[in-house]
Amino acid sequence: MIIKNGTVYDPANNINGEKVDIFIEKGKIVDESELRDKKEIEASGLVVLPGGVEIHTHIAGSKVNIARIMRPEDHRKDVVRKTPYQRSGTGYTVPTTFTIGYRYAEMGYTTVWEAAAPPLGARHSHEELLDIPIVDKGIFTLMGSNYFVLKYTEEGEFEKLKNFVAWLLHATKGYAVKIVNPGGVESWKWGKNVSSLDDTVQNFNVTPREILKNLARAADELHLPHSIHVHCNNLGSPGNYAITRETIEMLSPYRRHITHIQFNSYAGEDWGTFTSGGSDIAATLNKSKNVTCDVGQVIFGDATTMTADGPWQHTLFKLSGNKWANSDVEMETGAGIVPYRFKKKNVVNAIQWSIGLEVLLLTEDPYKVFLTTDHPNAGPFYHYPQVMELLMSRKKREEMLETVHPLVKERSVLPSIEREYSLSDLAVVTRAGTARALGMTAKGHLGVGADADISIYRFDEEQIQKSFQKAAYTIKDGVIVVKDGTVVADHMGKTYVLDVKADLSEEERQIFSKYYTVQVSNYPVEEAYLPQKEVVTCR
Amino acid sequence: MIHEDVVCPFCGCLCDDIAVTTEDNMITDVKNGCAISKSKFMNHHLNLLESALVDNMKVSLDEAVGRAVEILTNADNPLIYGLSSTECEAQRHAIHLAELLGATIDQTASVCHGPTILGTQDAGCVKCTLGEVKNRADLIIYWGCNPAEAHIRHFRRYSVFPEGLFRKSKKEREVVVVDVRNTASARIATTFLQIAPGTDFETISLMRAYLKGKGDALPDEFKNLVERMKRCEFGIMFFGLGLTMSRGKHLNVDAALRLVRDLNEYTKFSITPMRGHYNVAGAGSTMAWITGYPFAVNFSMGYPVSNPGEFSAVDVLARKECDAALIIASDPVANFPAESWKHLADIPTIVMDPKVSLTSRIAKVSIPVATAGIEAEGTAYRMDGIPLRLKKVVDTTRLSDAAVLSRMIEKVRA
Amino acid sequence: MLLNPLVKTAIPVTAPCITPDWFSGKSVEEVGNLPVYYGNKEKRLRDVFDIKDDGKDIITLGSVPTVKYIGKGMTAGSIVIKGDAGMHLGAEMKGGCITVEGNVSDWAGAEMKGGEIVVAQNAGHCLGGAYRGSKSGMNKGLIVVKGNAGNEVGGLMKKGIIVVEGNLGDAAGCSMKGGTLICYGHPGNRLGALMQRGSIVLYESPALLPTFTYDAEYNPTWLRVFLRELQKTPHRIPITQNHIEGTYRRYNGDISELGKGEIFVFHE
Amino acid sequence: MKIVLLSGRTTKQGVTAEIGKTSDDYLQNVAVIQLNPTLMEQMGAKDGDTVEVQTAHGSAVVMCHKSDIGENMGFIPYGPWANLLIGTETQGTGMPDSKGVEAELKKTDKNVESVDELLARIVEGRK
């Protein structure tokens, strides 16, 4: 297949709005000389980008599904009818699996990561991934309050910890080490929390600082393609930008990715004095190396908050008065779910909205900061085009600022920011940057050897949101899966796993059989759940 | 040959430490399982549906599947029901089939913990996995359930007796049973509190009021219980059909969910429903991730709509709204009020089951299938949402539910 | 427009198009083309109804116990049903009036935001209630039922008025957050369960939940004004002078929740 | 004799259902009602006698067994006999009133119906 005459933005290969033809053969981008299938897509006047690479979203597994079960009112207002190529489903903030695949693809996204899988429920996450069509996908494995991680951190047994991390990634068929409120999730199992990097975890003589350092070092020494993926302590609380900054700084020189950093960039003493810490966080990012983050941009309207951060969800339940689900997982982790609505006229919500944009706009290197809404925590993923428009147009930001709570103008520097994203910048924060941070060498660019995952848009500067909402074409593995914003093919993507291998020691097996309620032999996720897998080598 | 760590396909405990011995493709011994588990494994070959049947005449599997598809595609409002005693792969196919047919699909939760789901949709649910209970619980309450007879190894594996990380034995735990009758489970309890039938809601509401500093009318023994609930380090309430099936139904559960939620102001407290069939949690799970709703879903308009009371099987049958039915791994004739299952005898009913059931006795089409978890692999979800892999320990020539359903899908699409 | 049902089976017909909003300005031919579902079959309104133009703006239907969603979301105009009506009648309606001369099934007036529903005989469950998972049920408008009603009448109700002249089923006004529910018959079991705010007015003595507490006996001014206004409606609600001038015992609850709900029991 | 009818699981019901729903073992363990001995004495019924249970929804003949259940209650294991006594109304929930139904109890000379007899009686004239 040839994509002819398109205007290509491929920042990873320094192509910035040039007319370049792209050649596809057997699902890969190839040199013209290797082309056999001469089918053409005429793309003159269209913008050609690598397929979108989502770095952090909640789309599969137990907490997502508890949210679905808990929120029938969310589904009723957004239904998806079956078509010859599409299964039916429902939205709105917690869409069904098939609908998730279609909506990402319609927007031009072709790779999607479920950012929090409890190890004991990993089989569930993978089972749901089997019903998410089109996109490539995989899971991050939750480890920040795992019993063995805490035990080995306490005992100073780093090699054992590293071996356990490798085994757990192998057993769960996970791709990255996810850390949520390190130590706090274990403390929540007794109704407590931690509030600084040096607090002691209930019943364990370890601190969040030690957990983070150990896991960061393990991820680096195991040569995992992605760094540790950190949801910091004190998420959601006024004044938490300080702990976020400290986390970024103290983890140097290890690689680290701070996720949905908007929720962790708050200044002020309490809700009354709540103010943005976005510019401070951006400054920290600007001067730090080996760090990436995604923003978790707020979208006004309905959201469903869901995270392994159980204590925060309890706080949010009390703040909102909405229904609350909690789900603690033995030996490992937990989860909480609370429906939430972000309102333009609510001062805190409006400042939260400004913070995500501040961090995206004030961080100089777009390879350090990525666009997410921490779907569905700060809003549904299919509203990304709304954010893209705000990033690319200062005028649109000003229009939006007029509609939100007026205090934003005093408590955020957003109104003074002049920067407007170029298409290249946008391609970095949604594709090239995320793929690089994830260590996915065949994604996020259009060079020879890359996967033929491509999105093509009818780009109109006056209607940026509309331009990115529905791709003119989405091509996955060389197959046209979306045309004019509509799914036109039944296609299944791959699940990404690592080639890490490790065994449990006899002692670990004994602890396992004593304190888990499943047999260790029944714990690892079987190959049956990975009918189409892509194994990534760690080196 | 001994198959170790087999997952038991009977109840929501989903014990995964069963050792099954087979000789010449026959199960000859079962270790670790409870009485019912043993019976399920040892007797799985008895009372089998020997052949596919149409109008009680033996036919080939293909013919039976063909007839079933003909009936279902010609129907104006078909019903698919069952699902809780088969593997998730079959459930996913059944949902796909329902979508293609524009059918109503419901699973056995609607006559089991359906009200629990309705309560959760109103109040949320503060839950945990069973290992959290084993490792941490110092106060365990069983309310309106009788695990000694229904979830036989629950006490031993998950709650009262096992050694956990922070609780070493039964001595470190307090066990309270609340029920309308003195059950076998009540005998294990440190405290048994008997209440009059149909007063669960009143009792729990008064407990909640007492927690808020009101509720003087609460009997002293329950005031004492509330105090202990506030004081414990990690509390858990298990509840069963005593709440969901008696007057008040979802409101009884709603009150219990709110009580536990409110207790988290004082300490750590969780609540978990005692799910009955081994994969009823899986049926809710698969339906939720594909349709958004865990039960009582209708596809007649080409997209999923759910409304228990409208699209739940008992109601659809009682109002005689369906004109064909496909029953998968369930026996509504044994389990539904007689007045509602009568309609199944009036319409063409198709049954997929390994065994002769009361429903297969009145069915127009019967399709024998492999027993999931004994003769077929697949996924099942424990009562607390933990997924485990069911094993195949003996071979059979019969197809799994998933394979039969996938043939039906092919034929419907053709 | 006159609509007489042609089908006699128990298969449900889903017809949210039967509203004055959809019919307005349309000919018989055009109305007949509106889409409905007969079970899982997409059909036209004319396939399931004999449609005649009687020159009136009112939509008049025969007995339609299996037809769902009549008047869904309507904003104005009138529907009259000369018999029974199916589920979800007037669900989410915003204005206009629906009159049922027979019985109505479950979820009538569910989550309605305005308008009136008058039922000559009995109503089913979840009358003026909420769909599962919703934060609130009825949120304005008036429902009058001359006969009995089922369970969970006015569940999660936020605003509006429901009058049931016969008996209530279980858990009327459950989780109520506002609005007024009046019952002239037997008030049923577990009235006002989980109630937060709102008012329930009764003319027969209830067996109250233990989470309701007696407060005072008096003649509430608001109720006097309220009943006088209700008397002015054309629905012949059986309000007597005694009801207006007499005293009521007030109970507060549900104290397991916010406890600001009020149950008024007519005394003398 | 008025009682409140409860239904539920028993181990024997579970064990015998796995043998087969048409087996005699199942019948022996499901077509039964557990009653308080005092109540049985008042009725003049001995362990193993048959009683007829009548509710607003139907009637069933089952064998009675002594149990330490309350005097105003009767317990029938889940199964087709319990379901003869339960109505179909779910009040918008999907769940029928399976526990806590009011029932009238009397001693009878009638025999417990077999599964076949039960099915035949209800299905008769329907197919």
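These figures come from a predicted structure and were not determined experimentally.

**What about the overall build of chain D?**
What chain D contains, in helices and strands, is four helices and six strands. Shown N-terminal to C-terminal, the secondary structure of chain D runs as helices and strands in the order β-α-α-β-α-β-β-β-β-α. The C-alpha radius of gyration of chain D comes to 14 Å, within 12% of the 14 Å expected for a compact globule of 127 residues. By principal-axis analysis of the C-alpha atoms, chain D measures approximately 45 × 35 × 30 Å. Buried positions account for 61% of the 127 residues belonging to chain D. In chain D, 75% of the contacts between residues at least 6 apart in sequence involve partners at least 24 apart. A total accessible area of about 5,200 Å² is found for chain D, and carbon and sulfur atoms account for 46% of it. Each charge class in chain D can be summarised by its mean position, and for the 13 positive and 18 negative side chains these summaries are 2 Å apart.

**With respect to the sheet that holds strand β15 (residues 305-306) of chain B**
Residue and element names in this part refer to chain B. Taken in spatial order, the nine strands of this open sheet run β5-β4-β18-β17-β16-β6-β7-β14-β15, and their pairing is mixed. The open sheet is flanked by β5 (57-59) and β15, the only strands paired with a single partner. Pairing analysis gives two bridges linking strand β14 (residues 297-298) to β15, with the strands arranged antiparallel. Note on β15: the bridge partner recorded for valine 297 is serine 306. In the packing of helix α2 (residues 61-74) onto the sheet, the strands contacted are β4 (52-54), β5, β6 (78-82), β16 (324-328), β17 (349-353) and β18 (365-368), and the crossing angle to β18 comes to about 135°. Across the sheet, helix α12 (residues 280-291) touches β7 (104-107) and β14, and the angle it forms with β7 is around 145°.

**Considering the environment of lysine 19 of chain A**
Residue and element names in this part refer to chain A. With respect to the secondary-structure elements, lysine 19 resides in strand β3 (residues 15-19). On the basis of relative accessible area, lysine 19 is assigned to the exposed category, the value being 59%. With eleven residues separating them in the primary sequence, lysine 19 and valine 8 have C-alpha atoms 6.0 Å apart. Setting aside residues no more than four positions away along its own chain, lysine 19 makes contact with Asn5 and Gly6.

**Quick look at the interface of chain C and chain D**
Each side of the interface is counted separately: chain C has five residues, and chain D has four residues. Surface buried jointly by chain C and chain D totals about 330 Å² across both partners, of which 48% is contributed by carbon and sulfur atoms. Taken together, chain C and chain D are joined by zero salt bridges. Where chain C touches chain D, the interface holds two residue pairs in polar contact (both at pLDDT 80 or more). For the side of chain C that touches chain D, the residue count by class is one nonpolar, two polar and two charged.

**Describing the environment of threonine 363 of chain A**
Residue and element names in this part refer to chain A. For threonine 363, the position within the fold is in the loop between α12 (347-362) and β22 (369-370). Looking at threonine 363, the relative accessible area reads 0%, which means it is buried. Setting aside residues up to four positions removed in sequence, threonine 363 forms contacts with Ala282, Leu285, Asn286, Glu358, Lys368, Val369 and Arg419. Only 2.7 Å separates the side chain of threonine 363 from the backbone oxygen of valine 359, close enough to count as a polar contact.

**Observations concerning the sheet that holds strand β10 (residues 174-179) of chain B**
Residues and elements named next belong to chain B. Reading across the sheet, the five strands line up as β11-β10-β9-β12-β13 and stay open at both edges, with parallel pairing between neighbours. A strand with exactly one partner marks an edge of an open sheet, and here the two such strands are β11 (191-194) and β13 (268-273). Between one strand axis and the next, the sheet turns by 15° as a mean value, whatever way the strands run. As defined by bridge partners, strand β9 (residues 139-143) adjoins strand β12 (residues 234-239) across five bridges and the pair is classed as parallel. For isoleucine 141, the partnering residue across the bridge sits in β12 and is methionine 237.

**Topic: the interface of chain A and chain B**
Listed by partner, the interface residues are 60 residues for chain A and 65 residues for chain B. Counting the surface lost from both chain A and chain B, the interface buries some 5,200 Å², and carbon and sulfur atoms represent 51% of this. Inspection of the chain A/chain B interface yields eight salt bridges. Here glutamate 163 of chain B makes a salt bridge to lysine 514 of chain A, at a shortest N to O gap of 3.5 Å. On inspection of chain A and its partner chain B, the count reaches 43 residue pairs in polar contact (both at pLDDT 80 or more). With five residues, helix α1 (residues 62-70) of chain A is the single largest residue contributor to the side of chain A that touches chain B. For the side of chain A that touches chain B, the class distribution of residues is 23 nonpolar, 20 polar and 17 charged. The pairing of strand β20 (residues 325-328) of chain A with strand β8 (residues 126-128) of chain B spans three bridges and is parallel.

**A few points about the state of the cysteines**
Residues and elements named next belong to chain C. In the structure shown here, the tally under the stated rule is zero disulfides over all chains. Lacking any disulfide linkage, cysteine 126 is separated from the closest cysteine sulfur, that of cysteine 174, by 7.7 Å. Judged by relative accessible area, which is 1%, cysteine 126 ranks as buried. The closest cysteine sulfur to the non-disulfide-bonded cysteine 183 is located on cysteine 174, 15 Å from its own sulfur.

**Considering the nonpolar core**
Core analysis: the biggest nonpolar cluster contains 254 residues, and Trp143 of chain B together with Ile18 and Leu45 of chain C have the highest contact counts within it. Two domains share this core, each providing at least three of its residues, namely domain 1 (49-112 + 278-413) and domain 2 (114-273) of chain B. One finds Ala338 and Trp341 of chain B together with Cys64 and Leu85 of chain D within the second-largest nonpolar core, a separate group that totals 54 residues.

**A word on the confidence of the model for chain D**
Detailed reading of predicted coordinates is not advised where the pLDDT is low. Residues of chain D with pLDDT of at least 70 account for 98%, and the chain-wide mean is 91. Interface scoring of the predicted complex returns ipTM 0.97; its pTM is 0.97.

**Regarding the side chain of histidine 260 of chain A**
Residues and elements named next belong to chain A. Positionally, histidine 260 belongs in the loop between β15 (256-258) and β16 (266-267). We classify histidine 260 as buried; its relative accessible area is 3%. Ignoring any residue separated from it by four or fewer positions in sequence, one finds histidine 260 in contact with His56, His231, Leu235, Asp294, Val295, Gly296 and Asp374.

**Some words on a positive patch on the surface**
Residues Lys343 of chain A together with Lys135, Lys140, Lys158 and Lys159 of chain C make up a contiguous surface patch of positive charge. If you trace the backbone, lysine 343 of chain A turns up in the loop between β21 (336-342) and α12. Residue classification places lysine 343 of chain A among the partly exposed positions, given a relative accessible area of 47%.

**Describing empty space enclosed by the protein**
Applying the stated criterion across every chain yields a total of nine cavities of 30 Å³ or more. Put simply, the second largest cavity is a space of about 520 Å³. Looking at the second largest cavity, it is lined by 32 residues, and the ones nearest its centre are Ile66 and Ile69 of chain A together with Lys127, Arg275 and Gly385 of chain B. Only α1 and β20 of chain A together with α4 (114-123) and α12 of chain B provide two or more residues apiece to the lining of the second largest cavity. It is α1 of chain A that contributes the most residues to the lining of the second largest cavity, five residues altogether. Broken down by class, the residue content of the lining of the second largest cavity amounts to 16 nonpolar, twelve polar and four charged. Split by domain, the residues of the lining of the second largest cavity number at least three in each of domain 1 (49-112 + 278-413) and domain 2 (114-273) of chain B.

**So, the environment of alanine 216 of chain C**
Topologically, alanine 216 of chain C is positioned in strand β15 (residues 213-218). Beyond its immediate chain neighbours, meaning those up to four positions away, alanine 216 of chain C contacts Tyr248, Arg249 and Arg250 of chain C.

Rules used throughout
- Residues numbered from 1 in each chain as written.
- Chains lettered and ligands numbered in written order.
- Predicted model: local features only at pLDDT ≥ 70, side-chain atom pairs only at ≥ 80, totals over all residues.
- Heavy atoms only, no water.
- Helix = DSSP H or I, 4+ residues; strand = E, 2+ residues; numbered from the N terminus.
- Rg over C-alpha atoms; globule rule 2.2 N^0.38 Å.
- Buried < 20%, exposed > 50% of the residue type's maximum accessible area, 1.4 Å probe, protein only.
- Contact = heavy atoms within 4.5 Å.
- Areas by Shrake-Rupley, 256 points an atom, 1.4 Å probe, with all protein chains shown as cover.
- Lys, Arg positive; Asp, Glu negative; His and termini not counted.
- Charge placed at Lys NZ, Arg CZ, Asp CG, Glu CD.
- Pairing = 2+ DSSP bridges.
- Axes fitted to C-alpha atoms, helices over the stretch in contact; angles between N-to-C directions.
- Buried area = accessible area lost by both parts, 1.4 Å probe.
- Salt bridge = Lys/Arg side-chain N within 4 Å of Asp/Glu carboxyl O.
- Polar contact = N/O pair within 3.5 Å; in protein donor to acceptor, adjacent residues only side chain to side chain.
- Nonpolar A, V, L, I, M, F, W, Y, C, P; charged D, E, K, R; others polar.
- Disulfide = S-S within 2.5 Å.
- Core = buried A, V, L, I, M, F, W, Y, C linked by side-chain atoms within 4.5 Å.
- Domains from an automatic or database assignment.
- pLDDT = per-residue confidence, 0-100.
- Patch = residues over 30% accessible without salt bridge, like charges linked within 9 Å, V, L, I, M, F, W, Y side chains within 5 Å.
- 1 Å grid on protein atoms, 1.4 Å probe; cavity = no way out; pocket = protein on both sides within 12 Å on 5 of 7 lines; lining within 4 Å.
- Points joined across faces, edges and corners; volume = space filled by probe spheres on them.

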